[in-house]
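Architecture and fold: a report
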Amino acid sequence: MSKLPRAITNLVDKFECLPGIGPKSAQRLVFYLLHHPERELRDFGDKLVALKTEVVLCSECHHVSETDPCDICADSGRDKNIICVVEQPLDVLAMERGNGYRGVYHVLHGVIDPLHNIGPDEIKLNELIKRIEQSKPIEIVLALNPNMEGEATCLFIKKQLKDIKVTRLAHGLPMGADIEYADEQTLTHAMEGRREY
Ligand SMILES: [Zn+2]
């Protein structure tokens, strides 16, 4: 039985490590790349390496950046008394699209997830607590996803923080939602987060 060249099987193994990629997809991707010109593959490889050589985590907020501190932390117009805690760098981008927030961020790079062995030490939680002790902000806004892991993480943070205002984003109904089909928790959060109109 003939075997595939090692360069192919090695790369298939690497693709298989990616989330959502099974053995068949990994093989398809590798054979697809095999037909590309060498210079394009070199460029692809260079960009993979650049992920590590040209991206740093901001030492203040742990957001991905080309500089340390990141643009947001370096911006003197941002209010450092308000720290918005998010799960992932992409959440910072989403919040910034809203354009209304002028505080700074703290990116946890995950949430507490006991089922997958992710505890407080595996994410940037200790860094958050230390940062709060040092910089003494006025308000912490928890902007974590409204699921079990997000709730557990919010609870953990709240327990660690005494004498500081901790708020959460109001989890309400999304635009275009139908109250009739909203689940109980969404409606409860929406009611709790109601504001004067
Ligand atoms: Zn930063």
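The preceding data block contains the structure.
Summarised in this report is the structure supplied together with it.

This brings us to helix α6 (residues 125–135). One turn of an α-helix holds 3.6 residues; hence residues three or four places apart share an orientation. Residues of α6 that are buried: L125, L128, I129, R131 and I132. The buried residues of α6 all sit within an arc of 160 degrees when viewed along its axis, so they share a single face. Projecting away from the buried face of α6 at angles above 90 degrees are the exposed residues K130, E133 and Q134. Against β3 (79–86), β4 (103–107), β5 (139–142) and α7 (148–160) lie the buried residues of α6. Two residues or fewer past α6, K136 is found with a positive phi of approximately 45 degrees.

On to the side chain of H62. Checked against the element boundaries, H62 lands in the loop between β1 (56–57) and β2 (64–65). The class for H62 is buried, based on a relative accessible area of 10%. Contacts of H62, omitting those with residues within four sequence positions, involve L57, H106, V107, H109, K124 and E127.

Counting buried positions along β4 gives five out of five residues, so the element sits mostly inside the fold. Bridge count between β3 and β4: five bridges; the pairing is parallel. Paired with I83 across the strands is V104, a residue of β4. Tracing the backbone out of β3, into helix α5 (residues 89–98) and back to the parallel element β4 gives a crossover that is right-handed.

Another aspect to go through is the coordination of the zinc ion. The protein atoms that coordinate the zinc ion are C58 (SG), C61 (SG), C70 (SG) and C73 (SG), at distances spanning 2.2 to 2.3 Å. One way to put it: the four donor atoms around the zinc ion meet at angles of 106 to 115 degrees, and that makes the site tetrahedral. Taken in chain order, the donor set of the zinc ion reads C-x2-C-x8-C-x2-C. One end of the pair, C58, is in the loop between β1 and β2; the other, C70, is in the loop between β2 and α4 (71–74), and 12 residues separate them in sequence.

Turning our eyes to something else, we now look at the sheet that holds strand β6 (residues 165–168). By definition, the strands of a sheet pair up through backbone hydrogen bonds, in either a parallel or an antiparallel sense. Ordered by their spatial adjacency, four strands build an open sheet running β4-β3-β5-β6, and the pairing between neighbours is parallel. Strands at the two margins of the open sheet, each flanked by one partner only, are β4 and β6. Taking the axes of each pair of neighbouring strands and ignoring which way they run, one obtains an average angle of 25 degrees across the sheet. Against the sheet, α6 contacts β3, β4 and β5, and its axis sits at roughly 150 degrees relative to β4. Sitting on the sheet, α7 touches β3, β5 and β6, and the angle it makes with β6 is about 170 degrees.

Our next topic: the pattern of salt bridges. Under the counting rule described, the total for this entry stands at seven salt bridges. Ionic pairing is found between R168 and E151, a salt bridge with its closest N-O pair at 3.2 Å. Taken together, the positions of R168 in strand β6 and E151 in helix α7 put the pair 17 residues apart, joining distant regions of the chain. Given the relative accessible area of 31%, R168 is considered partly exposed.

On to the packing of helix α1 (residues 6–16) against helix α2 (residues 23–34). Two numbers describe how α1 lies on α2: the axes approach to 8 Å, and their chain directions differ by 125 degrees. On the basis of the axis angle, α1 is oblique to α2. Handedness of the crossing formed by α1 with α2: right-handed. On the side of α1, the interface is formed by I8, L11, V12, F15 and E16, while α2 contributes P23, A26, Q27, L29, V30, F31, L33 and L34. Looking at the contact of α1 with α2 residue by residue, the class counts come to 11 nonpolar, one polar and one charged.

How each quantity is defined
Residues numbered from 1 in each chain as written. Predicted model: local features only at pLDDT ≥ 70, side-chain atom pairs only at ≥ 80, totals over all residues. Heavy atoms only, no water. Buried < 20%, exposed > 50% of the residue type's maximum accessible area, 1.4 Å probe, protein only. Helix = DSSP H or I, 4+ residues; strand = E, 2+ residues; numbered from the N terminus. Arc of directions from axis to C-beta. Contact = heavy atoms within 4.5 Å. Pairing = 2+ DSSP bridges. Right-handed = clockwise from strand over helix to strand, strands pointing away. Donors = N, O, S within 2.8 Å, 3.2 Å for Na, K, Ca; no water. Tetrahedral: all angles 85-135°; square planar, octahedral: opposite > 155°, others 65-115°. Axes fitted to C-alpha atoms, helices over the stretch in contact; angles between N-to-C directions. Salt bridge = Lys/Arg side-chain N within 4 Å of Asp/Glu carboxyl O. Parallel < 35°, antiparallel > 145°, perpendicular 65-115°, else oblique. Left-handed = near helix turned anticlockwise from the far one by under 90°. Nonpolar A, V, L, I, M, F, W, Y, C, P; charged D, E, K, R; others polar.

Any functional reading would require information that these geometric values do not contain.
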